[in-house]
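# Report on the structure
Residues per chain are reported as follows:
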Amino acid sequence: AAILNEDVATAAIEALTTTLSGATAYKRILLRAAAGAGKSFTLKRMVSEALASQHCARVAIAAFANKQVYPLAESLGQQLGQDVVCLLSSKQRFPTVPETVTAAATVVKSAKEIPPTARVIIGTASRLGAPSESSRLKEQLGPGENGDSAFDVLFVDEAWQMPRYLYSRIQWLAPVSVGVGDVGQLP
């Protein structure tokens, strides 16, 4: 199973890399693997691979719940640096963001506060999909390497948990979406 999971991860990374370079035209990439198979590790690896591409200025990462975005912000901040990783929190949740997250990543309440060094913006789908948020993000960050959207890749963690109506609000953040989820949960 571990070998198969590694093969799936490698194929997903290759699909993303060739899509960013323009060699393939995928709009959505789904990474399905068994529970405990290291999908979170692979997601972080895919983020690093995307950022290493000359065709990727920045990525967005969305999940359904804060309990998913907090660990991602913390671990990616530790891996890539606090100035590179930014958690876009709601004003209501801002005071409750764990200290371990604020120590590892930049945490802000509005798009205007996102530093220009940020290349990874993380938030819940509700936060990233708030009315006019896409416009505010693009105004603050400018277009990605794609020349249009603020982000070059949108990663969706635990994609099976995200209701379609929430995904429809954020799918326009980037020309490419990468959904990560468990086999049997992600159709």
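To start, this report covers the structure provided alongside it. (Residues numbered from 1 in each chain as written. Predicted model: local features only at pLDDT ≥ 70, side-chain atom pairs only at ≥ 80, totals over all residues. Heavy atoms only, no water.)

## What about the side chain of threonine 124?
When you line up the elements, threonine 124 lands in strand E5 (residues 120-124). Residues contacting threonine 124, with those up to four places away along its chain left out, are Ala63, Phe64, Ala65, Asn66 and Val69. (Helix = DSSP H or I, 4+ residues; strand = E, 2+ residues; numbered from the N terminus. Contact = heavy atoms within 4.5 Å.)

## Re the pattern of salt bridges
As enumerated under the stated definition, the model contains three salt bridges in all. With a closest N to O distance of 3.0 Å, glutamate 133 and arginine 127 form a salt bridge. The same class applies to glutamate 133 and to arginine 127, which are both buried. Aspartate 148 is the salt-bridge partner of lysine 138, the closest N and O atoms lying 3.4 Å from each other. Of this pair, lysine 138 sits in helix H6 (residues 133-141) while aspartate 148 sits in the loop between H6 and strand E6 (153-156), and the two are ten residues apart along the sequence. With relative accessibility at 34%, the residue lysine 138 sits in the partly exposed group. Among the residues examined, aspartate 148 registers a relative accessible area of 47% and is labelled partly exposed. Overlapping salt bridges, with partners in common, bring together Arg127, Glu133 and Arg136 in one network. (Salt bridge = Lys/Arg side-chain N within 4 Å of Asp/Glu carboxyl O. Buried < 20%, exposed > 50% of the residue type's maximum accessible area, 1.4 Å probe, protein only.)

## Focus on the pairing of strand E7 (residues 177-182)
Taken across its six residues, E7 has six buried, putting it largely inside the fold. Note that E6 and E7 share three bridges and pair parallel. By the bridge assignment for E7, leucine 154 is matched with serine 177. Handedness of the E6-helix H7 (residues 164-170)-E7 crossover: right-handed. (Pairing = 2+ DSSP bridges. Right-handed = clockwise from strand over helix to strand, strands pointing away.)

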